[in-house]
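Residues per chain are reported as follows:
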Number of protein chains: 2
Amino acid sequence: MRVTMHDVAQRAGVSIKTVSNVVNGYPHIRPETRRRVEEAIEHLGYRLNTTARNLRTQRTDMITLAVPELRLPYFAELADSVIRSAEEQGLTVLIEQTGSVREREIELLDGRRRHLTDGVIFSPLALGQDDVGLFEVDFPLVVLGERVFDAPADHVTMNNVAAARAATLHLASLGRTRIAVVGAHEGELVGSAALRTEGYRQGLAAAGLPYDPALVSEAGLWHRSTGSESMARLLDSGVEIDAVFALNDAMALGALHALHARRIEVPGDVALIGFDDVDDVRYSVPTLSSVDPGREQIARTAVDLLVERIAGGDERPFRRVIPDSRVVGRESTGDAAEGMEKVVTVQPGGNEEIVSPVSATA
Amino acid sequence: MRVTMHDVAQRAGVSIKTVSNVVNGYPHIRPETRRRVEEAIEHLGYRLNTTARNLRTQRTDMITLAVPELRLPYFAELADSVIRSAEEQGLTVLIEQTGSVREREIELLDGRRRHLTDGVIFSPLALGQDDVGLFEVDFPLVVLGERVFDAPADHVTMNNVAAARAATLHLASLGRTRIAVVGAHEGELVGSAALRTEGYRQGLAAAGLPYDPALVSEAGLWHRSTGSESMARLLDSGVEIDAVFALNDAMALGALHALHARRIEVPGDVALIGFDDVDDVRYSVPTLSSVDPGREQIARTAVDLLVERIAGGDERPFRRVIPDSRVVGRESTGDAAEGMEKVVTVQPGGNEEIVSPVSATA
DNA sequence: TTGTAAGCGTTATCAT
DNA sequence: ATGATAACGCTTACAA
């Protein structure tokens, strides 16, 4: 059988409590006692049983991160950042892939796995504003993204409208007047697509450009393939275009691919900007301008909020945090080359921390 | 306080054992009893406490996947595949990022977290053949990659030498004679770099081309940035080049970037092939030829082997499995465009399953 | 400073 | 088909 604290205690000639104290770094232990215990631990190859501790303490020191898919670079990088932040707080991260499947996202909230981790950071993609009721859960929860607002939970999101507006203005500032959008979701009122499209319209208006529906191209899932297809459709439609705002970087890379296939020069013929500022865009040909939504800050904030909730009980109201975002100009909008990107902060002060009117109930 | 089985039992007027039976789908229960229990569960909002179950059953139904970094697309995609395979077997995956830090990799093997999950799939990057002794652990372990061979554990790896040889021959078959390597590790005898460089040399020999050290460029970590720098050094050295074999895709994308920065045409002036076949390469400009090491199969096999070890005790000898790899020709080597890649399987039958001479001891 | 004993919420054994 | 009860390995009052 496995070695337990009892075995260690026996060999060291002390009680199990003393072993526990040593293992947990309790300070008031006679050096000689500590030495004997440590010797026994070493000799027997004892390992603390985390499960037993978790049961007793009612904590796991694990948190769940639920994202659609790790193969999407944005979420891989987000996961990386969350894992690092969690580690600094002594937490281990369990990753759930929902695959953007509605049932899986619902399962996540129904508490079936309530006792597996101390809390959940959840980036929904299938659920929407209508499902806001599902977010009233009895465990610590931090919501990410733009699908659901005013859920009874802390929320870290981004300044989508303002950032998209800035991206559009960045294209307009190059003198481009036929600015297309790749990745729109017709008819949607919530979510990244709706908000970024709204920002695009505001940007056009601010630049004095007309809004032309023919310039807005749809894409379902925001992958490279759909971006490529969405761009291709736009080009095949024969509409005149001199700039493209892809609503995320994956689609921007796909769009770049489609443009290249038709021997259209970027940024010569068509300027291009994406959204997310993933690692990829620094090494595409040409390098891609993008909007950095403050991913690092999102991850850190989410972990911090969750840790507060886990530790502090449920006394404070829910918060919404919006990190700073920045437009990063690279070659695809004729900006500086590697290492010399042109960076513009979107709406400084936009990261105001809004205290939600809903009070905690969890 | 939280709702436990006791509370459910009380409300349903049965014993706790019966509740447990219902929860675990034990078949021999009177329908009426089951109904009452289910009503009580529903009414009280009871959730099974996984931690308590884990303590009692000595299983967690979780496995650990330890990779260097999720932001490296290869590992993000591997993690995705592992999570999916694990899920099919009812397992949850805990991801550890080692950051290729030696101490962290050692910690992983020292069993400190022994009881957190049922087993570990480990892709080492800092440890090497000299550390093979550390792999003698008392928990189920599957090793991935090329850093360590003949460890006392199951091992899923790839046919590095043969695949690199095939990649090199693919370049030679285009009539290229000055084939460079990006990403070599001078002096190393184990690991992907050494094996792939060896395959490169074999490929040259098979094509009747001389080996020229001036064509071999180093890179430490295999990132886009280092690939770009490694390529740049090669170009700055003035040596004549008409093809490049980048030892992974990240570096290939970096190399593509460096080539473009110097207005060198791919594949016109220089043909380029990478290794890993990550999603990225299908959407770069031009699309990138690569070697698919069978990532899906690697993930599935690793999970299967681990599950066997967890379930079956330790009776069978350790196995080494080598999935099929394929050379996928795309635009960067003048091959067909999107959707019509030229695919060549490397050494069919190369996935022989070698039973290692070391017997199980775990 | 260290020991004793109760209990965390399950599952498993053995009755009945 | 169901119940009583003892573990699982740890932490934590409370005692000493």
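Since the model is a prediction, treat every value here as computed from it, not as a measurement.

Caption draft 1: Layout of helix 10 (residues 249-261) of chain B. All names here are of chain B. Look at helix 10: 18 Å from first C-alpha to last across 13 residues, which is about the 18 Å you get at 1.5 Å a residue. Across the 13 residues of helix 10, 11 count as buried, placing the element largely inside the fold. Of all the positions in helix 10, only Asp249, Ala250, Met251, Ala252, Leu253, Gly254, Ala255, Leu256, His257, Ala258 and Leu259 are classed as buried. A distance of 3.4 Å separates the backbone nitrogen of Ala250 from a side-chain oxygen at the start of helix 10, and that oxygen is part of Asn248.

Caption draft 2: A look at the packing of helix 9 (residues 224-236) of chain B against helix 10 of chain B. All names here are of chain B. At a minimum axis distance of 6 Å, the contact between helix 9 and helix 10 shows a crossing angle of 45°. Between helix 9 and helix 10, the angle is such that the two are oblique. By crossing handedness, the relation of helix 9 to helix 10 is classed as right-handed. Where helix 9 abuts helix 10, its residues Arg224, Thr226, Gly227, Ser228, Met231, Ala232 and Leu235 lie against Ala250, Met251, Leu253, Gly254, Ala255, His257, Ala258 and Leu259.

Caption draft 3: Representation of the protein's contact with DNA strand D within the structure. Lining the immediate environment of DNA strand D, one finds 27 residues, of which Tyr46 of chain A together with Ser15, His28, Thr33 and Arg56 of chain B sit closest. A breakdown of the atoms of DNA strand D within 4 Å of the protein gives sugar and phosphate a share of 68%. Interatomic distance of 2.7 Å between a side-chain N/O atom of Arg56 of chain A and a base oxygen of DNA strand D. Mapped by element, the contributors of at least two residues to the surface near DNA strand D are helix 2 (16-23) and helix 4 (50-57) of chain A together with helix 2 (16-23) and helix 4 (50-57) of chain B. At four residues, helix 4 of chain A tops the list of elements feeding residues into the surface near DNA strand D. Grouping the constituent residues of the surface near DNA strand D by class yields nine nonpolar, 11 polar and seven charged.

Caption draft 4: Representation of the pattern of salt bridges in the model. Inspection of the entire model under this criterion finds 58 salt bridges over all chains. For Arg262 of chain A, the salt bridge goes to Asp236 of chain A, with nearest N and O atoms at 2.9 Å. Taken together, the residues span a long stretch of sequence, with Arg262 of chain A in the loop between helix 10 (249-261) and strand 9 (271-273) and Asp236 of chain A in helix 9 (residues 224-236) at a distance of 26 residues. Under the relative-accessibility criterion, Asp236 of chain A is labelled exposed at 56%. For Asp277 of chain A, the salt bridge identified is with Arg282 of chain A, shortest N-O distance 3.8 Å. Overall, Asp277 of chain A belongs to the buried group, its relative accessible area being 7%. Linked by salt bridges that have partners in common, Arg71 of chain A together with Glu77, Asp277, Asp279, Arg282, Arg295 and Arg330 of chain B make up one network.

Caption draft 5: Spatial organisation of the sheet that holds strand 9 of chain A. Residues and elements named next belong to chain A. On the basis of which strands lie adjacent, the open sheet formed by four strands has the order 7-6-8-9 and parallel pairing. The strands lining the two open edges of the sheet, one partner per strand, are strand 7 (216-218) and strand 9. Ignoring which end each strand starts from, the neighbouring axes of this sheet average 20° apart. Looking at chain direction, strand 6 (residues 179-184) and strand 7 are connected through three bridges and run parallel. When the bridges of strand 7 are listed, Ala184 appears paired with Glu218. Sitting on the sheet, helix 9 touches strand 6, strand 7 and strand 8 (243-246), and the angle it makes with strand 6 is about 140°. Packed on one face of the sheet, helix 10 meets strand 6, strand 8 and strand 9 and runs near 160° to strand 9.

Caption draft 6: Spotlight on the interface of chain A and chain B. With 55 residues of chain A in contact, the opposing surface of chain B contributes 54 residues. When chain A packs against chain B, the two sides together hide about 5,000 Å² of surface, and 53% of this comes from carbon and sulfur. Looking only at chain A, the three residues that lose the most surface to chain B are Arg71, His115 and Tyr283 of chain A, adding up to 16% of its buried area. Inspection of the region where chain A meets chain B yields 10 salt bridges. As a salt-bridge pair, Arg71 of chain A and Glu77 of chain B come within 3.6 Å of each other at their nearest N and O atoms. At the junction of chain A with chain B, the criterion picks out 15 residue pairs in polar contact (both at pLDDT 80 or more). Going through the elements one at a time, helix 4, helix 5 (73-88), strand 2 (92-97), helix 9 and helix 10 of chain A are the ones with two or more residues in the side of chain A that touches chain B. In terms of residues, the side of chain A that touches chain B owes the most to one element, helix 5 of chain A, which gives seven residues. Tallied by class, residues from the side of chain A that touches chain B come to 18 nonpolar, 17 polar and 20 charged.

Caption draft 7: Quick peek at the protein's contact with DNA strand C. With respect to spatial proximity, 26 residues lie near DNA strand C, and among them Ser15, Thr18, Thr33 and Arg56 of chain A together with Tyr46 of chain B are the closest. For DNA strand C, the fraction of atoms within 4 Å of the protein that belong to sugar or phosphate moieties is 69%. Ser20 of chain B is positioned with one of its side-chain polar atoms (N or O) 2.7 Å from a phosphate oxygen of DNA strand C. Interatomic distance of 2.6 Å between a side-chain N/O atom of Tyr46 of chain B and a phosphate oxygen of DNA strand C. Breaking the surface near DNA strand C down by element, the ones donating at least two residues are helix 2 and helix 4 of chain A together with helix 2 and helix 4 of chain B. Looking at the surface near DNA strand C, the element that brings in the most residues is helix 4 of chain B, giving four residues. Residues belonging to the surface near DNA strand C are distributed by class as follows: nine nonpolar, 10 polar and seven charged.

Caption draft 8: Spatial organisation of unusual backbone geometry. Val266 of chain B connects to Pro267 of chain B through a cis peptide bond whose omega is 5°. By secondary structure assignment, the location of Pro267 of chain B is in the loop between helix 10 and strand 9 (271-273). If you check the backbone angles, Gln58 of chain A has positive phi at about 65° while not being a glycine. Mapped onto the elements of the fold, Gln58 of chain A is located in the loop between helix 4 and strand 1 (62-67). Residue classification places Gln58 of chain A among the partly exposed residues on the basis of a relative accessible area of 44%.

Caption draft 9: Expanded view of the side chain of Asp118 of chain A. Residue and element names in this part refer to chain A. If you trace the backbone, Asp118 turns up in the loop between helix 6 (102-109) and strand 3 (119-122). Judged by relative accessible area, which is 10%, Asp118 ranks as buried. Here the side chain of Asp118 touches Thr60 through a polar contact of 2.8 Å, landing on its backbone nitrogen. Engagement of the side chain of Asp118 in a polar contact is seen with the backbone nitrogen of Asp61, the distance being 2.7 Å. Residues contacting Asp118, with those up to four places away along its chain left out, are Arg59, Thr60, Asp61, Met62, Pro140 and Ile310.

The rules behind each value
Residues numbered from 1 in each chain as written. Chains lettered and ligands numbered in written order. Predicted model: local features only at pLDDT ≥ 70, side-chain atom pairs only at ≥ 80, totals over all residues. Heavy atoms only, no water. Helix = DSSP H or I, 4+ residues; strand = E, 2+ residues; numbered from the N terminus. Expected span 1.5 Å × (residues − 1). Buried < 20%, exposed > 50% of the residue type's maximum accessible area, 1.4 Å probe, protein only. Polar contact = N/O pair within 3.5 Å; in protein donor to acceptor, adjacent residues only side chain to side chain. Axes fitted to C-alpha atoms, helices over the stretch in contact; angles between N-to-C directions. Parallel < 35°, antiparallel > 145°, perpendicular 65-115°, else oblique. Left-handed = near helix turned anticlockwise from the far one by under 90°. Contact = heavy atoms within 4.5 Å. Near = heavy atom within 4 Å. Nonpolar A, V, L, I, M, F, W, Y, C, P; charged D, E, K, R; others polar. Salt bridge = Lys/Arg side-chain N within 4 Å of Asp/Glu carboxyl O. Pairing = 2+ DSSP bridges. Buried area = accessible area lost by both parts, 1.4 Å probe.

Any link to function would need more than the numbers given here.
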